[in-house]
Amino acid sequence: RKAGKSQEALDMYLEMRREGITRDIITYTSILKACESSRKHGLAMTILEHIIEDGMEIKIECYRTAISTCQRAGNLNRGLSTLKKLWLKNPPTREVSVAVVTFLSKLKKSRDANSLMQWLEKQGLE
């Protein structure tokens, strides 16, 4: 039943985009949670790009949900790769990068957290 509601929310989001209906950060947060429930990691990372395209700042909760979605779907590496590409175009604030690294650590992904931290430093984004 939960999967049905998630799919319904995702369908509604896609319809909103097709119809040109304005989305806000609350809409995006809800859609990311639907992605997490249905383990649609690719769509979750695309949603982050859509937030930027719509001229909004990606909230920490949105990053956490997108990363959690990738991790639950068994595609954390792909998610982090996409995140890095996104951050090269739209650098995160220090608060965001620290929150993402901390969240990875809480997921017991210390190696990924350390790797991301080193990458951020190398890019001058830490």
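Structure shown above.
Numbering of residues starts from 1 in each chain and follows the order in which that chain's sequence is written. Per-residue local features are limited, in this predicted model, to residues with pLDDT of at least 70; the limit for side-chain atom pairs, both in listing and counting, is 80 or more; totals at the level of whole chains, interfaces and linings are taken over all residues. Working from all heavy atoms in the structure, the side-chain values ignore hydrogens and water.

A short note on the overall build of the protein
A run of DSSP states H or I qualifies as a helix once it reaches four residues; a run of E qualifies as a strand once it reaches two. Both are numbered from the N-terminal end. The helix and strand inventory of the protein stands at seven helices and zero strands. Seen in sequence order, the protein has helices and strands lined up from the N terminus as α-α-α-α-α-α-α. Between the two quantities, the radius of gyration covers C-alpha atoms and the globule rule is 2.2 Å times the number of residues to the power 0.38. For the protein, the C-alpha radius of gyration of 14 Å lies close to 14 Å, the compact-globule estimate for 126 residues. Projected onto the principal axes, the alpha-carbon positions of the protein cover approximately 40 × 30 × 20 Å. Working definition: with a 1.4 Å probe on protein chains only, accessible area under 20% of the residue-type maximum means buried, over 50% means exposed, and in between means partly exposed. Counting the 126 residues in the protein, one finds 40% classified as buried. Note on contacts: a residue pair qualifies if any of its non-hydrogen atoms lie within 4.5 Å across the two residues. Within the protein, contacts between residues at least 6 apart in sequence are counted, and of these 65% link residues at least 24 apart. Using a 1.4 Å probe, accessible areas were evaluated by the Shrake-Rupley method; residue-level cover was limited to the displayed protein chains. Accessible surface computed for the protein: about 7,300 Å², of which carbon and sulfur atoms make up 48%.

Things to note about the pattern of salt bridges
Salt bridge, as applied in this entry: a Lys or Arg side-chain nitrogen positioned within 4 Å of an Asp or Glu carboxyl oxygen. Evaluation of the coordinates by the stated rule reveals five salt bridges. Between arginine 23 and aspartate 54 there is a salt bridge, with its nearest N and O atoms 3.0 Å apart. One end of the pair, arginine 23, is in the loop between helix H1 (2–19) and helix H2 (25–38); the other, aspartate 54, is in the loop between helix H3 (41–53) and helix H4 (60–72), with 31 residues separating them in the sequence. Residue classification places aspartate 54 among the partly exposed positions, given a relative accessible area of 31%. Across the pair lysine 33 and glutamate 61 runs a salt bridge whose closest N-O atoms are separated by 3.2 Å. Of the two residues, lysine 33 is situated in helix H2 and glutamate 61 in helix H4; the sequence distance between them amounts to 28 residues.

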